[in-house]
Amino acid sequence: MSLALQTENDPLAYRPRVVDRDLAELLSVLPAVSIEGPRAAGKTRTACEHADTVYNLDDPDVLREVSADPRMLLEGRHPILIDEWQRFPPSWDLVRRAVDDNFAPGRFILTGSVRPGEAPTHSGAGRIVTLRMWTMTLSELWGEHSVSLRSLLSGDQQPLDAATEVSLEDYADVIVGGGFPGWHTTSGRARRLLVDGYLHRIVEHDLPLAGRAVRNPAALRYWLQAYAAATSTTASYESIRDAATAGEHNKPAKTTTSAYRDALQALWVLEPLPAWLPPTGNRLSRLKRSPKHHLTDTSLAVRLLGVTEETLLGVNTTTINPQHSDKPIMGALFESLVTRDLRVYAQSCDSTVCHLRSWSGAREVDLIVGHEQGILAIEVKLASEVQQRDTQHLQWLRDRIGPALLDAVVVTTGSRAYRDNNGIAIIPAALLGP
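Remember, predicted model here, so these are calculated numbers, not experimental data. (Residues numbered from 1 in each chain as written. Predicted model: local features only at pLDDT ≥ 70, side-chain atom pairs only at ≥ 80, totals over all residues. Heavy atoms only, no water.)

**What to know about the overall build of the protein chain**
What counts, and what does not: For the purposes of this entry, the term helix denotes a DSSP run of H or I that reaches at least four residues, the term strand denotes a run of E that reaches at least two, and both are numbered from the N terminus. As defined in this context, the radius of gyration uses C-alpha atoms, and a globule is described by 2.2 Å times the residue total to the power 0.38. Any two residues whose heavy atoms approach within 4.5 Å are treated as being in contact. All accessible areas in this document rest on Shrake-Rupley with a 1.4 Å probe, and a residue is counted as covered only by the protein chains that are shown. Only four residue types enter the charge count, namely Lys and Arg as positive and Asp and Glu as negative; His and the chain termini do not. Working definition for charges: the position is that of NZ of Lys, CZ of Arg, CG of Asp or CD of Glu.
Counting its secondary structure elements, the protein chain contains 15 helices and 14 strands. A compact globule built from 434 residues would reach a C-alpha radius of gyration of about 22 Å, and the protein chain, at 22 Å, matches this within 12%. A principal-axis box enclosing the C-alpha atoms of the protein chain has dimensions of 65 × 55 × 50 Å. Expressed as a percentage of contacts within the protein chain between residues at least 6 apart in sequence, the contacts between residues at least 24 apart total 73%. For the protein chain, the accessible area works out to roughly 18900 Å², and carbon and sulfur atoms hold 48% of it. Between the averaged position of the 45 positive side-chain charges in the protein chain and that of its 52 negative side-chain charges there is a distance of 7 Å.

**Focus: the state of the cysteines**
How we decide: Two cysteine sulfur atoms make up a disulfide if the distance between them is within 2.5 Å.
Across all of its chains, the model carries zero disulfides by this definition. Here Cys349 stays free of any disulfide, with the sulfur of Cys354 as its closest cysteine sulfur at 15 Å.

**Some details on the packing of helix α9 (residues 217-229) against helix α10 (residues 237-244)**
What describes two packed helices is the angle between their axes and the distance between those same axes. Operational definition: Helix axes are fitted to C-alpha atoms over the stretch in contact, other axes to C-alpha atoms as well, and angles between N-to-C directions run from 0 to 180 degrees. For this classification, under 35 degrees means roughly parallel, over 145 means roughly antiparallel, 65 to 115 means roughly perpendicular, and everything else is oblique. Take the far helix as your reference; a near helix turned counterclockwise from it by less than a right angle gives a left-handed crossing, and one turned clockwise gives a right-handed crossing. Charged residues are taken to be Asp, Glu, Lys and Arg, nonpolar residues to be Ala, Val, Leu, Ile, Met, Phe, Trp, Tyr, Cys and Pro, and polar residues to be all remaining types, Gly included.
Orientation of α9 relative to α10, taken along the N-to-C sense of each, is 125 degrees, at an axis distance of 8 Å. By the angle between their axes, α9 is oblique relative to α10. Seen from above, α9 lies across α10 with right-handed handedness. On the side of α9, the interface is formed by Tyr222, Trp223, Ala226 and Tyr227, while α10 contributes Tyr237, Ile240, Arg241, Ala243 and Ala244. Across the contact of α9 with α10, the residue classes tally to eight nonpolar, no polar and one charged.

**Considerations on the confidence of the model for the protein chain**
The line we're drawing: Within a predicted model, pLDDT stands for the predictor's per-residue confidence, ranging from 0 to 100.
Per-residue confidence for the protein chain averages 89 on the pLDDT scale, and 91% of its residues sit at or above 70. Below pLDDT 50 for its whole length, residues 321-326 participates in 15 contacts with residues either more than four positions away or in separate chains.

**Details of the pattern of salt bridges**
Working definition: two side chains of opposite charge can pair if their charged atoms are close together. To keep it simple, the criterion reads: Salt bridges are counted wherever a side-chain nitrogen of Lys or Arg sits within 4 Å of a carboxyl oxygen of Asp or Glu.
Enumeration according to the criterion identifies 20 salt bridges in this entry. In this structure, Asp173 engages Arg191 in a salt bridge whose closest nitrogen and oxygen atoms are separated by 4.0 Å. In this pair, Asp173 sits in helix α7 (residues 168-177) while Arg191 sits in helix α8 (residues 188-209), placing the two residues 18 residues apart along the sequence. Ionic pairing is found between Asp297 and Arg340, a salt bridge with its closest N-O pair at 3.5 Å. In this pair, Asp297 is assigned in the loop between α11 (254-266) and α12 (298-305) and Arg340 in helix α14 (residues 329-348), connecting sequence segments 43 residues apart.

**Thoughts on the sheet that holds strand β5 (residues 128-132)**
Two modes of strand pairing occur in sheets, parallel and antiparallel, and in both the strands are linked by backbone hydrogen bonds. Rules: Any two strands with at least two DSSP-identified bridges between them are counted as paired.
What the five strands build is an open sheet, ordered β2-β3-β4-β1-β5; its pairing is parallel. Each end of this open sheet is capped by a strand with a single partner; those strands are β2 (53-56) and β5. Adjacent strand axes in the sheet meet at a mean angle of 20 degrees when their direction is disregarded. Pairing geometry for β2 and strand β3 (residues 80-83), over four bridges, is parallel. Its bridge partner lying in β3, Asn56 is registered against Asp83. In the packing of helix α4 (residues 90-101) onto the sheet, contacts are made with β1 (32-36), β3, β4 (108-112) and β5, and the angle to β4 comes to roughly 160 degrees.

**Let's talk about the nonpolar core**
Worth spelling out the cut-off: Side-chain atoms within 4.5 Å link the members of a nonpolar core, which is a set of buried Ala, Val, Leu, Ile, Met, Phe, Trp, Tyr and Cys residues. Remark: exposure states derive from per-residue accessible area (1.4 Å probe, protein chains only) relative to the maximum for the residue type, with buried under 20%, exposed over 50%, and partly exposed in between.
Among the nonpolar cores identified, the biggest contains 79 residues, and Leu149, Tyr171, Leu264, Leu295, Ile378 and Ile427 are the most heavily contacted of them. The contact partners of Ile427, leaving out residues within four places of it in the chain, are Val147, Leu152, Leu160, Val409, Val410, Val411, Thr412, Ala417 and Leu432.

**Observations regarding the environment of Arg416**
Mapped onto the elements of the fold, Arg416 is located in strand β12 (residues 416-419). When the C-alpha atoms of Arg416 and Thr44 are compared, they prove to be 36 Å apart, with 372 residues separating the residues in sequence. If sequence neighbours within four positions are ignored, Arg416 has contacts with Ala162, Ala163, Ile426 and Pro428.

**Considerations on the sheet that holds strand β8 (residues 352-357)**
As summarised here, the arrangement of the seven strands in space is β7-β12-β13-β11-β10-β9-β8, forming an open sheet in which the pairing is mixed. Two strands close off the open sheet at either side, each with one partner strand: β7 (162-163) and β8. Relative to strand β11 (residues 405-412), strand β10 (residues 374-380) is paired through six bridges, and the arrangement is parallel. In the sheet register, Glu379 faces β11, and the bridge partner there is Val410. In the packing of α14 onto the sheet, the strands contacted are β8, β9 (364-371), β10 and β11, and the crossing angle to β9 comes to about 10 degrees.

Take a look at the structure:
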């Protein structure tokens, strides 16, 4: 199946996002919602679908007017959208005070590409609710899915019977193309230039705008490349720094690389996946607490590493970086793709996504979706067929925590969703949705 066959007749038509339902639900009961996430993830377009009045602070004329008369942001039919609020930080406090005065639902939507805590504002706790937005998932790009995360979290472990024609080549195409909404109709040189421009803007514009001037852009680029090389691993930040400065005697101080990391996380460029910590009294012990490393979109990692779709499909035995992982390039990036999708779906289910790794490294579960009733354990396999050895860590976890494990899943590149003889759900990534 070609992704091009799944695009709408009008390539500029709005593609519904998973977050649409969440935003509509929150606005029906709460006064203000802030949509936060990486630049170009589609925050503005989605917010505009729900707003009656729009103030785009990226527009110099609008910003100039607002700076002269900030209270104009409160004028107009609700919901009022304040787009890229961080361009005028007082707008956050203005909305917060307006909510204090009137807690009526559906009044404000804010969008931004920097975390609220990075701007000189009040936190907005109790007044402004944050809704995360990621780049587009497979279900959003392709418009359909057969197995919902919500149903898996119910613990019913219902039979599965669905099929897809999505191929390994299709997954490679999406990994390279990424999930930025405006990029899905591009390819080749145009797509590469878009990614290069995105990375350049982060270093030259977004970081300084967030108050983080970059004295050595080349060093930051090398660090980003090393981070991309650690995709889907728990490599230490020290090893990432060493990989970025291989052959150099005077390595940057830890405080310098920590500043890179913090600034890039503030801009939603880095999306580290935290380790899962079981409840007190659980039979699991000595689990690692290191995060797994992910960039906000696989297209950024692909460009930083200099790989192509042909590379992914033709050199699956080549590791991203032997220092970090024994995963093939395609395997690490496919896991990152699935991780991004599950974060989107989990937010809609009021759940969290983590990973599990024992201290010795002998036991690992790629993804743990935490829900109030229990957890969902997920392995990600770059394979069309699942062998018994692929489920051994899931069965180990089931033995340890019993009913707290709502379901166990292997996400694959195969063509069919089913349950194996041990009741473990085998699901192609293309069939998974919210």
